[in-house]
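Below are the chains, spelled out letter by letter.
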Amino acid sequence: MAEQQNYRAPRGVADILPDDQTVWNAVKKTAINTARQFGYQQIDTPVFENTGLFRRGVGNETDIVQKEMYSFDDLGGESLTLRPEGTAPVCRSYIEHGMHNLPQPVRLYYIAPMFRYDRPQAGRYRQHHQFGCEAIGDSSPTIDAEIIEIGLRYITALGLSDVAVRINSIGDSETRTSYNDDLRNHYAKYANDLPKVDRDRLERAPLRLLDSKEPATQKLSADAPKSLDYLSDEAQNHWENLLVLLDGLKTAYPNFSYRTDHTLVRGLDYYNRTVFEFEPSTEGSQTSLFGGGRYDPLIGILGGNETPGVGFGSGIERIILETQRQESLDVAEPPRNAVMVHVGDNATIRAAQLAAELRNHGISVLMAPAGKSMRAQMRYANRANASYAIIIGNREIEQGVAAVKPLQFDGDQKTLSLNSATIANFIAPSE
RNA sequence: GUGGGCGUAGUGUAGCGGUUAACACGUCAGGUUGUGGCCCUGAAGAUCGAGGGUUCGAUUCCCUCCGUCCACCCCA
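Residues numbered from 1 in each chain as written. Chains lettered and ligands numbered in written order. Predicted model: local features only at pLDDT ≥ 70, side-chain atom pairs only at ≥ 80, totals over all residues. Heavy atoms only, no water.

So, the state of the cysteines
Disulfide: a covalent bond formed between the sulfur atoms of two cysteine residues. Using the criterion set out here, one finds zero disulfides in the structure. Free of any disulfide, Cys 91 has its nearest neighbouring cysteine sulfur in Cys 133, separated by 13 Å. Accessibility expressed as a relative area gives 0% for Cys 133, which makes it buried. (Disulfide = S-S within 2.5 Å. Buried < 20%, exposed > 50% of the residue type's maximum accessible area, 1.4 Å probe, protein only.)

Structure (C-alpha cells):
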C-alpha cells in the first residue's frame, strides 16, 4: 500500500563519511591548536536560539535575517531559529553568564554547524561548519590584529598559500550616517546607468553598492567616497595603529601582505571599524575563506553593557575545498594495530577473549568476520590496513599459541604463546 | 529568488530510437590440503533521478518536478 520512499539527505546538506573524517579531523585539530596558541577557550552554544537574538543582533534588514533563516515555532509557540552565524550567540552567552567579571578580553573559539536557507553551490551549503573566534571586552587595535593573526597562523598551518587579505574600516555608527548619505548621492547622480539590482540597493543599503559585481557600478565605485575618509578621530587612530601592528607581523609571517580595500563591506549590521576578509587569489566565486571584524555595538544591542568585541568566522567546508585544490594537506589514516583471524568455534571464542585483553593493553583490535575462510579473513585484514594479523585456528588452540604475522612490512610470522601480555609486548601499543 | 550545464549498478564512466544496457574500481565467492597484498576465474549489484508526453517502440526526443554543479544574489 504505502509507496516505497527512498530518503536522501535534504537539499544543501551532506553526510561527512568515514573517508572524509581524516581531513575533517585534521582541519579541526589545526583550528583548535591555533586558537589555543592564542589563549582562546572553547565555547559551545546551542544549535537553536530565540529568533529575536538574530533579528536584533545580525540586523533585521540583512539578507541573512530577511531570507536565509531556518525559523520555526516550537510546541510552546516560541519562535526559534537554527543558528545562522556564531557571533550573536556567543555574545548572548557572554552577557547571560556575566563574563564581564572575567579578566578582559574574554577569548573564545568554537567549531559549530551553521544553517542558512540558501541556494546550494560549491562551497555553499545549507548546513555548514564554522571555526570562529571572538575576543570580547577590549577595544584596542591589538586585538583586531590578533584576530587577523589567528587567521594567518591557521592558513599557514594548513599549508595554504596565495591567500589574499583585504581589510577596511567602515567607521563608527555616528559617522556612518553621513557617509551613507554621501555614498547615496554619489551613485544617485548616475542612477539611470545603474543595473536594477543596484538601483534597488541605493536606498536600502548603499554600502553594498561598493562590492557590487556589476561592471557599470564598479566603474562608479572607483571614485566613490571612501569610508576611510569619514573616520572619527578615534576610529582613525584605531585604524592607523592597526596598520602598524599588521606591518609588524611581517617578521613572523614573511609571506604576509594585506591590501586595504575601500569596497570591502560586510553583510551583517553589527560590524563597525575594522572588517577583513581572506580569500584565495585563484578564480572562483565562493571564495571567502575567513572573514570578520569588530562589532563594538553588538553587546549593547543585545542588552548588555556597552562592550567592545572583535572576531572572525571561517568555513570548514571551504577550507577543505581549498586545501584539496592546493593539495596542501597530506592526511592518511594510520594503520590499525591488529586484526584477529580465527577459524573454528573454539578459536573464535578464544580470539574474542584475547582481543578484549589486548585492548586493555591499549592495542586496537579488529575481529575478522567470523565463519569465513582463513583466506577471506586475511584479505579482510589487509583491506583493514592492519599492521598485524593475529591468527588463531584449531592448531594454535591445541598448542596454546597464536601466530602473529606482520602485514605492513617484511618479516616472518611468529608463534607466540597465547597470552595477551606476550602478544601485546610484541605489537607496539598504539601510542 | 534568477539564468545555464548535468542526472546510467556502491563509486567513476561508456552507450544507443528497437532483442540479455557495457567497462573499470569496489563487494562477495573460488584458484585442492589453514594465511593478505599481485594475478586469474566466477557471482551479485541499475525499474538508465521521478512523473507525464511524442512514437509501433525511449535509457536515448520533448515537458514538468526533484537533485546536483556553475554563474548571479549573499556569505563562511
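Description of unusual backbone geometry
Residue Pro 105 is reached from Gln 104 by a cis peptide bond, and omega for that bond is 0°. If you trace the backbone, Pro 105 turns up in the loop between helix 4 (87-96) and strand 5 (106-115). The phi dihedral of Glu 327 is positive, around 50°, even though this residue is not glycine. Residue class for Glu 327 comes out exposed when judged on its relative accessible area of 70%. The residue Asn 385 is not glycine, and still its phi comes out positive at about 60°. With respect to the helices, strands and loops of the structure, Asn 385 is situated in the loop between helix 13 (374-383) and strand 14 (386-392). (Helix = DSSP H or I, 4+ residues; strand = E, 2+ residues; numbered from the N terminus.)

Considering the packing of helix 1 (residues 18-37) against helix 11 (residues 316-326)
It is the contact of helix 1 with helix 11, at a shortest axis distance of 11 Å, that shows an interaxial angle of 110°. On the basis of the axis angle, helix 1 is roughly perpendicular to helix 11. Contact residues: helix 1 offers Val 23, Trp 24 and Val 27, while helix 11 offers Ile 316, Glu 317, Ile 319 and Ile 320. Its residues assigned to classes, the contact of helix 1 with helix 11 comprises six nonpolar, no polar and one charged. (Axes fitted to C-alpha atoms, helices over the stretch in contact; angles between N-to-C directions. Parallel < 35°, antiparallel > 145°, perpendicular 65-115°, else oblique. Contact = heavy atoms within 4.5 Å. Nonpolar A, V, L, I, M, F, W, Y, C, P; charged D, E, K, R; others polar.)

Examining the protein's contact with RNA strand B
With respect to spatial proximity, 47 residues lie near RNA strand B, and among them Ala 122, Arg 201, Ser 288, Arg 383 and Arg 395 are the closest. A share of 53% of the atoms of RNA strand B within 4 Å of the protein falls on sugar and phosphate groups. Contact distances for RNA strand B include 3.3 Å between a phosphate oxygen and a side-chain N or O atom of Gln 121. A distance of 3.3 Å separates a base nitrogen of RNA strand B from a polar backbone atom of Gly 123. Secondary-structure elements contributing two or more residues to the surface near RNA strand B are helix 3 (63-67), strand 6 (127-136), strand 10 (290-294), strand 11 (309-315), helix 13, helix 14 (394-399) and strand 15 (401-406). For the surface near RNA strand B, the residue count by class is 10 nonpolar, 16 polar and 21 charged. (Near = heavy atom within 4 Å. Polar contact = N/O pair within 3.5 Å; in protein donor to acceptor, adjacent residues only side chain to side chain.)

With respect to the pattern of salt bridges
With the rule as written, the count across this model stands at 15 salt bridges. Its salt-bridge partner being Asp 63, residue Lys 67 comes within 3.9 Å of it at the nearest N-O pair. Pair noted here: Lys 67 and Asp 63 are both in helix 3, with a separation of four residues, about one helical turn. Residue classification places Lys 67 among the exposed positions, given a relative accessible area of 55%. Overall, the relative accessible area of 36% leaves Asp 63 in the partly exposed class. Here the residues in one salt-bridge network are Arg 166, Asp 261, Glu 277 and Glu 279, joined through shared partners. (Salt bridge = Lys/Arg side-chain N within 4 Å of Asp/Glu carboxyl O.)

Thoughts on the domain arrangement of chain A
For chain A, the assigned domains are domain 1 (18-172 + 231-326) and domain 2 (336-426). Domain 1 and domain 2 are separated by 49 Å when their C-alpha centres are compared. (Domains from an automatic or database assignment.)

Things to note about a nonpolar patch on the surface
Together, Val 47, Phe 48 and Phe 72 make up an exposed nonpolar region whose accessible area comes to about 250 Å². In this fold, Val 47 is placed in the loop between strand 1 (41-42) and strand 2 (48-50). The class of Val 47 is partly exposed, set by a relative accessible area of 36%. (Patch = residues over 30% accessible without salt bridge, like charges linked within 9 Å, V, L, I, M, F, W, Y side chains within 5 Å. Areas by Shrake-Rupley, 256 points an atom, 1.4 Å probe, with all protein chains shown as cover.)

Comments concerning the environment of Ile 167
In this fold, Ile 167 is placed in strand 7 (residues 163-169). Taking the C-alpha atoms as reference points, Ile 167 and Leu 243, separated by 76 residues in sequence, lie 9.6 Å from one another.

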